[in-house]
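Architecture at a glance
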Amino acid sequence: MDNQRKKYLVVLGAGESGTGAAILASVKGMDVFVSDMGMIAPRYKAMLDEAGIQWEEGQHTYDRILGADEVVKSPGIPPNSDVIRRLVEKNVPIISEIELAGRYTDAKMVCITGSNGKTTTTLLTYHILRSAGINVGLAGNVGRSLALQVAREQFDVYVIELSSFQLENMYDFKANIAVILNITPDHLDRYDHKMQGYVNAKFRILRNLTCEDAFIYWQDDPVIQAQLRQMVTDAKMLPFAERQEEQTAAYVDAENRLIINSPVKSLSMPRADLSLSGLHNLYNSMAAGLSACLLDVKKEDIRRALSDFEGVEHRLEYVATVDGVRYINDSKATNVNSCWYALETMTTGTILILGGKDKGNDYTEILPLVKEKVKAIVAMGLHNEKILQFFGENAPEIPVLDTCSLADAVAGCRRVASDGDTVLLSPCCASFDLFKSYEDRGTQFKEAIKAMC
């Protein structure tokens, strides 16, 4: 490339991630073009226009895309799409927004991934650091674009939620603290229905870690353990588990106290003081607490923040009690393992709402809990055949209602629920058959329940 010519960067996708990447690249003096096959939201158009960045929507102009020196790809664009295939054929480097942003900041990075719990853990970690007065930014799947924050703000630490999609095109980016909460089957349609492809994407979070960095993970996760037997990392290993095992850095002792031991500091607090209940949230609190200890946050600040965190919308969120029936919004449960954790917390008879866009689900994992706790299943989706067949064959004693709208599902729940029961929306599936997103699904569910009050 001619040294006198500006670097030409193409950004594919103009959502939060792509718009932020485009603005950062422009700030750094690159020639930037943004292309989105869909329609760009008005606020992102306004941001691109204000920055003087050229964009297109509803198409990909290949003459402008294939001549790029480098491409930043939106996480939502699958690697087998036509535009990516053609870029690969031309050997055009393709990176993620996270990769680009990491080139222009020296801030410490706390990077969190996992099949379940990563949003809660990310927000809880951010809450601890922010409450302690640390100059911290929130980015990735939650918060604002990391690239946009790097372009316009200055933080000392970033807490970043990373999906497998975001990790796919991460190469030189480096975490200081890397967290893998768990790995269970999810997004297998993205990885040719091969679990190892999904696992490999998750483990990219460990790339470039040094002996100065830390890796926090669930010690009893069989998938994580199997992968660790095949690889080596220089990072400090800090596993957490419900009970103390060899090398466990966080656990609950015989007196029901949360114990956290890190190379920087250690602390303990009664488990009962944690604001979040349930086994899955115990693990989330351990991971967040370990991260805060590594960053040398004061013990009293960590304890206080772990005890006053208010939780995450759409994750085991209490909505209302109507006619003696509790309604819980767990719309964020877009895979089977996440639903398992939700069912594990149920202490009353449960009406379980399942359904949506199936991602290769195997419902065997939740079958024992369904048989133990669920009085009825309400299938809510355009294609409920798999749910009807699986539970019809494996739990014929549990009635399954077939519905294809939120209104019908809620009406079905009202018919079968009794005083003292809980209606749990924990769908196991993506939302895109009937809703714009899991947030849209959860919001509509809450509105429907509150309308009954």
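First things first, this report covers the structure right here in the doc. Within each chain, residues carry numbers counting from 1 in the order of the written sequence. Local features in this predicted model are restricted to residues of pLDDT 70 or higher, and side-chain atom pairs are both shown and tallied only at a pLDDT of 80 or more, whereas totals for entire chains, interfaces and linings draw on every residue. Computation of side-chain values: all heavy atoms of the structure, hydrogens and water removed.

**Some words on the side chain of T122**
Strands here mean DSSP runs of E at least two residues long; helices mean DSSP runs of H or I at least four residues long; both are numbered from the N terminus. Positionally, T122 belongs in helix α6 (residues 118-131). For T122, the residues in contact, after removing those within four places along its chain, are I112, L138, V142, V159, I160 and E161. Note on definitions: a residue-residue contact is assigned when non-hydrogen atoms from the two residues lie within 4.5 Å.

**Re the sheet that holds strand β20 (residues 422-425)**
By definition, the strands of a sheet pair up through backbone hydrogen bonds, in either a parallel or an antiparallel sense. A sheet is described by the order of its strands in space; here six strands give the open sequence β15-β16-β20-β17-β18-β19, paired in mixed fashion. Where the open sheet ends on each side, the last strands, each with one partner, are β15 (317-322) and β19 (400-403). Across the sheet, the axes of successive neighbouring strands diverge by a mean angle of 20 degrees, strand direction being ignored. What makes two strands pair is DSSP finding at least two bridges between them. Inter-axis angles, ranging from 0 to 180 degrees, are taken between N-to-C directions of lines fitted to C-alpha atoms, where helices are fitted over the stretch in contact.

**Some thoughts on helix α2 (residues 42-50)**
Using a 1.4 Å probe on the protein chains alone, a residue whose accessible area is under 20% of its type maximum counts as buried, one over 50% counts as exposed, and one in between counts as partly exposed. Those residues of α2 lying buried are Y44, M47 and L48. Considered in projection along α2, the buried side chains sweep an arc of 95 degrees and stay on one side of the axis. For α2, the exposed residues lying more than 90 degrees away from the buried face are P42, R43 and E50. In this structure, the buried side of α2 is in contact with α1 (16-27), β2 (31-36), β3 (54-57) and α7 (146-152). One or two residues past the end of α2 sits G52, with phi positive at roughly 70 degrees. The arc in question is traced by the directions running from the helix axis to the C-beta atoms.

**A short note on the state of the cysteines**
In this description, the term disulfide denotes a pair of cysteine sulfurs within 2.5 Å. Scanning the entire structure with this criterion turns up zero disulfides. Of all cysteine sulfurs, the one in C339 lies closest to C428, which takes part in no disulfide; the gap is 3.7 Å. C453 carries a free sulfur, and the closest cysteine sulfur to it, the one in C413, is 14 Å from it. With relative accessibility at 63%, the residue C453 sits in the exposed group.

**As for the sheet that holds strand β4 (residues 70-73)**
Taken in spatial order, the five strands make up an open sheet running β3-β2-β1-β4-β5, and their pairing is parallel. Across the chains shown, the open sheet's two edge strands, defined by having one partner strand only, are β3 and β5 (94-95). Examined bridge by bridge, β2 and β3 share four bridges and lie parallel to one another. Looking at β3, one finds that V34 is bridged to W55.

**Some points on the environment of T125**
Inspection of the secondary structure assignment puts T125 in helix α6. Accessibility expressed as a relative area gives 1% for T125, which makes it buried. Considering only alpha carbons, one finds T125 and N284, 159 residues apart in sequence, at a separation of 9.2 Å. When neighbours within four sequence positions are excluded, T125 is seen to be in contact with V110, I112, V159, A288 and S291.

**Side note on the side chain of R441**
By secondary structure assignment, the location of R441 is in helix α17 (residues 438-452). Although R441 is buried, it makes no salt bridge; D433 carries the closest opposite charge, 5.8 Å away. In contact with R441, not counting residues within four places along its chain, are S331, T334, G355, M380, L425, P427, C429, A430, S431 and F435. Two residue types count as positive, namely Lys and Arg, and two as negative, namely Asp and Glu; His and chain ends fall outside the count. What makes a salt bridge here is a side-chain nitrogen of Lys or Arg within 4 Å of a carboxyl oxygen of Asp or Glu, nothing more.

**Description of the packing of aromatic side chains**
Centres within 6.5 Å make a pair out of two Phe, Tyr or Trp rings, where for Trp the six-membered ring is used; the pair is then stacked when the planes are under 30 degrees apart, edge-to-face when over 60, and tilted otherwise. Under the definition given, this model contains nine aromatic pairs. Summarising the aromatic geometry, the rings of Y363 and F390 are spaced 5.9 Å apart at their centres and angled 50 degrees between planes, so their arrangement reads as tilted. Pair noted here: Y363 is in the loop between β17 (350-354) and α14 (367-373) and F390 is in helix α15 (residues 385-394), with a separation of 27 residues, a long-range link. Residues Y363 and F390 agree in their burial class; the two are buried. When the ring of Y363 is compared with that of F391, the centres are 5.7 Å apart and the planes differ by 50 degrees; the resulting orientation is tilted. Residue Y363 is found in the loop between β17 and α14, and its partner F391 is found in helix α15; the two are separated by 28 residues along the sequence. Grouping residues by exposure puts Y363 and F391 together as buried. Among the aromatic side chains, those forming a connected cluster through ring pairs are F203, F215 and Y217.

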